[in-house]
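Coordinate inspection notes
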Amino acid sequence: MKQKTLADYNPFDPETLSCPYDFNQQLREQAPVYRCPHTGVFFVSTYDLVVEVVKNEKVFSNKFAMIQAGGGEIPEDPELDEIRRKGYPAVSTMLTQDPPEQRRYRALCQKPFSASRVAKLQPYIQNLANELIDDFIDDNKCNWMDAFAVPMPVRMIAYILGVPLADLALFKKWSDSNVYQFSAGQTREGLLEAARDVVDFQHYFAEKIEARKEHPSDDVLSDIVNSSADGETPMSVEECLSVLSQLLVAGNETTTATFAEGMYLLAKHPEQLTLVQNDMSLIPNMVEEMLRLSTPTTQRWRVCLEETEVGGVKIPAGSTMMVKCGSANRDEMQFAQGDVFDVTRDNLKTQIAFGKGVHFCLGAPLARQELIISFEAILSRLTNFRVDEDELKFLPSLLLHGPVDLNIEFDKR
Ligand code: HEM
């Protein structure tokens, strides 16, 4: 079969999105800054240029809330507006803001996500990981998404936000609907349903926020609601709701995707699994390598505020950019044999799955701790993972990379 050339690819095509590796390699080799002929969006794909763009928040803005999943402006929809009017007005906070406003939100949310606060969650994560494993270990097989990759992050975020177990199913649905609003392949029906869910989510948490304002308690929600770091004004209810929505969007599916792709990598590379099981102190490095290869936030939007140049290519003011973190993390100029899973790789401090610069992932300490403690539990109790590669499909998503589903078989250790 004739090899595809760059011009044959549509970057928004579901097939390219679910399997972007050849396209990304061609981009890195032939056009590190590439203007998509279909949409005019600029794609940045090499490690150095991706880092250059994400570190330059003055020129490359995160105010991308007005861009819809396909790269154009969001069309008007009175029915959608009507649903949204029943909720709280949308406010752009951290992830969809630029400094100095972004800095204020960041300062107000820092405390509950600091490494020292997150360290206190260690016993909870350990218990939860073992509890989840107990439920399927005797079957010698499981649907990894349902059994672990999905519930672990959802239950962690629910726990830190004080959501009772009885509301977990609702919380997961709201979380999915918050994510849906930013996903590719949306339908109008899907958007309407997601909007209704988001309104329900807002009313549920608005009540909790008001309660925490009146009677602060010793939990993350109280910290977020009442924080006044460095004399900053505490956030309004609308601002808190926006931040909570971002925690769900940024924190759930990303961690799920790393759990899923991480398990897939261990199944595909039994020699790496043996290395780690013979020396469990390799787990933190293994997790960084899993993050590098999976890079769940595979692409990030940016809006170019002024005419500039990246990698010798002129970018007009107002251009929409797609920053390809997933491609950067496999760039051979930065990571030798970039597609290879190597748990002993020695330059993983430079991997950028959590981004770089002012928007560096707020939840990175939490995600890392969840992944490390969970894999410690998993690899001390289970081994010899098998997956059916023919069944494995990746999400055709513009922003999130990860397996759609994953069934595994294993032996007890
Ligand atoms: C493996 C898991 C995760 C990955 C790969 C990941 C990745 C990222 C990336 C790449 C960014 C920067 C986005 C940009 O530059 O536009 C980011 C920001 C963010 N992440 Fe994460 N994330 C993960 C887990 C989490 C968790 C568990 C939370 C919280 C519960 C979280 C909360 C956030 C927030 C609030 C931001 C916005 C920070 C800002 O704009 O200042 N993330 N994340």
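Our subject is the structure listed above.
Summarised in this report is the structure supplied together with it. Remember, predicted model here, so these are calculated numbers, not experimental data. (Residues numbered from 1 in each chain as written. Predicted model: local features only at pLDDT ≥ 70, side-chain atom pairs only at ≥ 80, totals over all residues. Heavy atoms only, no water.)

A tally of regular secondary structure across the chain gives 17 helices and 10 strands. Its C-alpha atoms give the chain a radius of gyration of 21 Å, within 12% of the compact-globule value 22 Å for 413 residues. Within the chain, buried positions represent 54% of all 413 residues. Put simply, 73% of the contacts in the chain that link residues at least 6 apart link residues at least 24 apart. Carbon and sulfur atoms make up 51% of the accessible area of the chain, which totals about 18500 Å². Averaging the locations of the 41 positively and 61 negatively charged side chains of the chain gives two centres separated by 3 Å. (Helix = DSSP H or I, 4+ residues; strand = E, 2+ residues; numbered from the N terminus. Rg over C-alpha atoms; globule rule 2.2 N^0.38 Å. Buried < 20%, exposed > 50% of the residue type's maximum accessible area, 1.4 Å probe, protein only. Contact = heavy atoms within 4.5 Å. Areas by Shrake-Rupley, 256 points an atom, 1.4 Å probe, with all protein chains shown as cover. Lys, Arg positive; Asp, Glu negative; His and termini not counted. Charge placed at Lys NZ, Arg CZ, Asp CG, Glu CD.)

Moving on, we get to the packing of helix H9 (residues 151-160) against helix H13 (residues 237-268). Viewed as axis vectors pointing N to C, H9 and H13 meet at an angle of 150 degrees, and their least axial separation amounts to 8 Å. Classified by the angle their axes make, H9 and H13 are roughly antiparallel. Here H9 runs over H13; the crossing is right-handed. Contact with H9, carried on its side by Met152, Pro153, Val154 and Ile157, involves Leu247, Leu248, Gly251, Asn252, Thr255, Thr256 and Phe259 of H13 and no other residues of that element. Across the contact of H9 with H13, the residue classes break down as seven nonpolar, four polar and no charged. (Axes fitted to C-alpha atoms, helices over the stretch in contact; angles between N-to-C directions. Parallel < 35°, antiparallel > 145°, perpendicular 65-115°, else oblique. Left-handed = near helix turned anticlockwise from the far one by under 90°. Nonpolar A, V, L, I, M, F, W, Y, C, P; charged D, E, K, R; others polar.)

Another point: the nonpolar core. Core analysis: the largest hydrophobic core is formed by 85 residues, its most contacted members being Trp144, Leu161, Met286, Phe375 and Phe385. Here this core gets 14 residues from one element, more than from any other, and that element is H13. (Core = buried A, V, L, I, M, F, W, Y, C linked by side-chain atoms within 4.5 Å.)

As a further point, take the packing of aromatic side chains. Counting across every chain of the model gives 17 aromatic pairs. Here the aromatic rings of Phe12 and Phe43 are separated by 5.9 Å at their centres, their planes lie at 70 degrees, and the arrangement is edge-to-face. With a gap of 31 residues between them, Phe12 in the segment before helix H1 (14-18) and Phe43 in strand E2 (residues 42-44) connect regions that are remote in the sequence. The residues Phe12 and Phe43 share a single accessibility class, namely buried. Geometry around Phe335 places Arg292 over its ring, the cationic atom sitting 5.1 Å from the centre. (Phe/Tyr/Trp six-rings, centres within 6.5 Å; stacked < 30°, edge-to-face > 60°. Lys NZ or Arg CZ within 6 Å of the ring centre and 35° of its normal.)

The next point concerns the site of the ligand. For the ligand, the set of nearby residues contains 28 residues, the closest of which are Gln102, Arg106, Arg302, His359 and Cys361. Taking Asn62, its side chain carries an N or O atom lying 3.2 Å from an oxygen atom of the ligand. Met94 is positioned with one of its backbone polar atoms (N or O) 3.4 Å from an oxygen atom of the ligand. When contributions to the shell around the ligand are tallied by element, the ones reaching two or more residues are helix H5 (101-113), H13, strand E5 (300-304) and helix H17 (364-381). With six residues, the top contributor of residues to the shell around the ligand is H13. Here the residues of the shell around the ligand sort into 15 nonpolar, 10 polar and three charged. (Near = heavy atom within 4 Å. Polar contact = N/O pair within 3.5 Å; in protein donor to acceptor, adjacent residues only side chain to side chain.)

Moving on, we get to the environment of Ile372. Here Ile372 shows up in helix H17. Sequence separation between Ile372 and Ile283 is 89 residues, and the spatial gap between their C-alpha atoms is 6.4 Å. Excluding anything up to four places from it in sequence, Ile372 contacts Ile283, Pro284 and Val287.

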